[in-house]
Amino acid sequence: TMDSGYGLCCLFAPGNRHVVLGTKEGALEVFDLGAAERIFSDTSAHEGAVWSIAMLPDNTGFVTGSADKTVKFWQWSVALLPGGGGAAGQRSLRLSHVRTLRMADDVLCCKVSPDGKLLAVALLDATIKVFFTDSLKFFLSLYGHKLPVLSLDISSDSTLLVSGSADKNIKVWGLDFGDCHRSLFAHGDAVMGVHFVPKTHYVFTVGKDKLLKYWDVDRSEQLLELAGHHGEVWCCAVSCFGDFVITGSHDRSLRRWQRSSEPFFVEEEKEARLESMFEADLEADKGGPQGSGAEAALAGPLGRVAAGEGEEGGAAPAGRKTLESVSAADALVDALEMAAHEEERHRDHQKQLAAGGKSGAVPSLAPNPMMLGLTGSAYVLRALSSVRASDLESALLMLPFTDALRLLGYLPTWLEQGSAIELSTRVAVLLLRLHHSQLVATASARPLLLKLHKRLHPAVQGLKDVLGVNMAALQYLQRASSERSGITTEQRLMVARKALAPK
């Protein structure tokens with residue numbers, strides 16, 4: 001640890017033994033890392049905060065950008081300490097001011113192209129000015145950001161410039177004519193840092209939304225989104241080989257992100273991001289405690305359990321919407337529509353057979369390959385059985401009333417066949433609670449409800465009888481095992497109680 005001014009930016013000197021620090025007071029400080037001490041300080045380097053330091057490609061010096069509306073060029077120099085006599089131990093690194101470029105507004109960031117020909121300067125007026133490095137003559141003005149550019153970088157081939165702004169966007173510019181190739185919405189808050197991976201057109205960006213993102217600017221798509229920081233990410237640095245990235249955050253931590261050999265697939269990453277965004281939107285769009293539509297019906301006396309309100313204030317399943325539950329509801333609707341279409345085909349075929357089928361003029365009905373050789377009832381049951389138990393309540397909640405009525409129509413058939421009695425009973429109870437008021441007010445639903453009532457009680461009673469027989473059989477097997485071993489159940493309980501009794 002070394003004492004310094006309020007540092008805003010820093011730069012390693014060639015050889016990686018010294019560091020130059022730009023401070024809020026406008027000073028430039030040089031530190032010797034080996035000796036862990038400050039060896040030089042130029043307090044009059046700038047009259048305002050030093051926001052940016054950029055190395056020259058030939059490593060002979062660097063440029064600084066400051067809030068005093070200037071960009072200054074500096075060169076490395078070596079000074080002999082008093083009483084030295086030229087010994088190697090008496091030499092010290094110094095900075096020499098070479099020239100100054102005055103700007104019309106505060107300088108927030110500056111960068112020299114890798115070929116050394118261009119100097120890009122980001123100003124407080126949200127524009128980027130490009131100058132020729134040798135003559136400092138004006139070349140291009142890049143404008144399009146709505147808020148100031150906080151960071152910029154130039155690709156290794158000096159053809160592209162990427163800028164990150166407080167308007168949450170990054171823009172990719174061509175340095176030939178200053179045209180904007182693409183504007184991308186990058187982060188949920190201000191973009192604090194952008195860096196090209198050396199010798200590629202891949203870009204890392206960090207922002208106040210606590211994320212590090214990886215982009216392919218040639219294809220204008222996001223490759224990876226890396227979360228790990230618990231606070232705003234202020235800066236990032238990419239290694240010269242591009243094999244790791246360092247990020248610094250407001251959570252007072254530095255994180256190293258290492259390239260791994262594990263492959264990733266862009267489409268899978270995109271689906272994962274869309275899923276997280278979808279679930280975040282579902283959380284944000286939640287209404288009041290009673291919601292709307294079918295959710296409002298849950299507020300009635302028959303719907304409190306399904307709405308997440310247990311008896312006497314107890315907890316009950318919340319039925320939270322997720323991407324899986326929405327997909328399950330869509331699959332149920334598709335299955336119901338396909339089954340209804342198939343049943344309509346069968347009815348039309350029966351009518352054709354009744355009208356002129358005796359003469360053999362009506363061809364046989366071709367099976368629907370989408371039904372997988374199943375009947376409409378079996379196909380709907382297959383789709384319903386594939387819904388996870390934790391998503392069933394939410395999926396049924398999202399069904400329209402007409403589709404819920406169709407689904408209720410299949411329940412008596414399933415109960416009579418004895419297939420999926422437990423699932424059918426749960427679906428019946430949930431649908432009756434969700435759509436109780438509409439079912440009572442719908443006259444056409446009365447015959448269906450009477451039929452369901454006739455089938456539901458005997459089916460559930462039969463299932464209870466089967467469970468009772470199985471429980472009795474298990475108890476009989478337990479008694480038989482105890483008799484063969486000579487140890488009764490009471491003796492086993494006594495041994496267990498003694499083991500658990502406090503000594």
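Right above here is the structure, for reference.
This write-up is about the structure you can find in this document. (Residues numbered from 1 in each chain as written. Predicted model: local features only at pLDDT ≥ 70, side-chain atom pairs only at ≥ 80, totals over all residues. Heavy atoms only, no water.)

A word on the overall build of the protein chain
Within the protein chain, the secondary structure is distributed over ten helices and 23 strands. Taken over 503 residues, the protein chain has a buried fraction of 40%. Put simply, of all contacts in the protein chain between residues at least 6 apart along the chain, 45% involve residues at least 24 apart. On the protein chain, roughly 28700 Å² of surface is accessible, and the fraction owed to carbon and sulfur atoms is 55%. (Helix = DSSP H or I, 4+ residues; strand = E, 2+ residues; numbered from the N terminus. Buried < 20%, exposed > 50% of the residue type's maximum accessible area, 1.4 Å probe, protein only. Contact = heavy atoms within 4.5 Å. Areas by Shrake-Rupley, 256 points an atom, 1.4 Å probe, with all protein chains shown as cover.)

A few points about the nonpolar core
Of all hydrophobic cores here, the largest spans 39 residues; its most connected members are Leu396, Leu407, Trp414 and Val427. Mapped by element, the contributors of at least two residues to this core are α3 (323–356), α4 (376–385), α5 (389–397), α6 (401–417), α7 (421–434) and α9 (446–485). Counting residues per element, this core draws most heavily on α6, at eight residues. Excluding residues within four positions of it along the chain, valine 427 makes contact with Leu384, Leu392, Leu396, Leu407 and Leu411. Judged by nonpolar contacts, the second largest core, of 16 residues, contains Ala45, Met55, Trp76 and Leu93. (Core = buried A, V, L, I, M, F, W, Y, C linked by side-chain atoms within 4.5 Å.)

As for the pattern of salt bridges
All chains considered together, the criterion is met by eight salt bridges. With its nearest N and O atoms 3.1 Å apart, the salt bridge here joins arginine 38 to glutamate 29. The residue arginine 406 makes a salt bridge to aspartate 403 at a minimum N-O spacing of 3.8 Å. Here aspartate 403 and arginine 406 lie together in helix α6, a separation of three residues that amounts to about one turn. The exposure class of arginine 406 is partly exposed, given its relative accessible area of 37%. (Salt bridge = Lys/Arg side-chain N within 4 Å of Asp/Glu carboxyl O.)

Considerations on α9
Relative to the 58 Å expected for 40 residues at 1.5 Å per residue, α9 spans 59 Å between its end C-alpha atoms, a close match to the ideal helical length. For α9, every residue scored as buried is listed here: Leu448, Leu452, Leu456, Ala459, Ala480 and Ser482. Taken from the residues just after α9, glycine 486 is the one with a positive phi, measuring 80 degrees. (Expected span 1.5 Å × (residues − 1).)

Focus on the packing of aromatic side chains
Scanning the model with the defined rule gives seven aromatic pairs in all. Taken together, a centroid distance of 6.0 Å and an interplanar angle of 15 degrees make the contact between tyrosine 410 and tryptophan 414 stacked. With tyrosine 410 and tryptophan 414 both in helix α6 and four residues apart, the pair spans about one turn of that helix. Tryptophan 414 carries the same exposure label as tyrosine 410, and that label is buried. Its end group placed over the ring of tyrosine 6, lysine 24 keeps NZ or CZ at 5.0 Å from the ring centre. In this structure, arginine 256 is placed above the aromatic ring of phenylalanine 244, and the distance from its NZ or CZ to the ring centre is 3.9 Å. (Phe/Tyr/Trp six-rings, centres within 6.5 Å; stacked < 30°, edge-to-face > 60°. Lys NZ or Arg CZ within 6 Å of the ring centre and 35° of its normal.)

Details of α7
Taking 1.5 Å as the rise per residue, α7 with 14 residues should run 20 Å; its terminal C-alpha atoms sit 20 Å apart, in good agreement. Within α7 the residues assigned to the buried category are Ile421, Ser424, Thr425, Val427, Ala428, Leu430, Leu431 and Leu434.

Considerations on a nonpolar patch on the surface
Together, Met471, Leu474, Tyr476 and Leu477 give the surface a local cluster of nonpolar side chains, amounting to about 460 Å² of exposed area. For leucine 474, the position within the fold is in helix α9. (Patch = residues over 30% accessible without salt bridge, like charges linked within 9 Å, V, L, I, M, F, W, Y side chains within 5 Å.)

Focus: the environment of alanine 335
When you line up the elements, alanine 335 lands in helix α3. Classification of alanine 335 by relative accessible area gives buried; the value is 3%. Here the alpha-carbon distance between alanine 335 and alanine 383, two residues 48 residues apart in the chain, equals 6.6 Å. Setting aside anything within four residues of it in sequence, one finds alanine 335 in contact with Tyr379, Val380 and Ala383.

Description of the environment of serine 385
Within the secondary structure, serine 385 is located in helix α4. Look at serine 385 and you get partly exposed, because its relative accessible area is 45%. Each C-alpha atom, one on serine 385 and one on serine 424, is 9.8 Å from the other, the two residues being 39 residues apart in sequence.

Remarks on the side chain of lysine 171
Examined against the element boundaries, lysine 171 turns out to sit in strand β15 (residues 169–174). An unpaired buried charge is present at lysine 171: no salt bridge exists, and aspartate 167, the closest side chain of opposite charge, is 5.8 Å distant. Within the structure, lysine 171 has its side chain in polar contact with the side chain of serine 183 (distance 3.0 Å). Ignoring sequence-local partners within four residues, the contact set of lysine 171 consists of Gly144, His145, Leu161, Val162, Ser163, Cys180, Arg182 and Ser183. (Lys, Arg positive; Asp, Glu negative; His and termini not counted. Polar contact = N/O pair within 3.5 Å; in protein donor to acceptor, adjacent residues only side chain to side chain.)

A closer look at the packing of α7 against α9
Axis separation between α7 and α9 bottoms out at 10 Å; the angle between their running directions is 135 degrees. Comparing their axes, α9 and α7 come out oblique. The two elements α7 and α9 cross, and the hand of that crossing is left-handed. Across from Ile421, Glu422, Thr425, Ala428 and Leu432 in α7, the residues of α9 making contact are Leu449, Leu452, Leu456, Ala459, Val460 and Leu463. Considering only residue class, the contact of α7 with α9 consists of nine nonpolar, one polar and one charged. (Axes fitted to C-alpha atoms, helices over the stretch in contact; angles between N-to-C directions. Parallel < 35°, antiparallel > 145°, perpendicular 65-115°, else oblique. Left-handed = near helix turned anticlockwise from the far one by under 90°. Nonpolar A, V, L, I, M, F, W, Y, C, P; charged D, E, K, R; others polar.)

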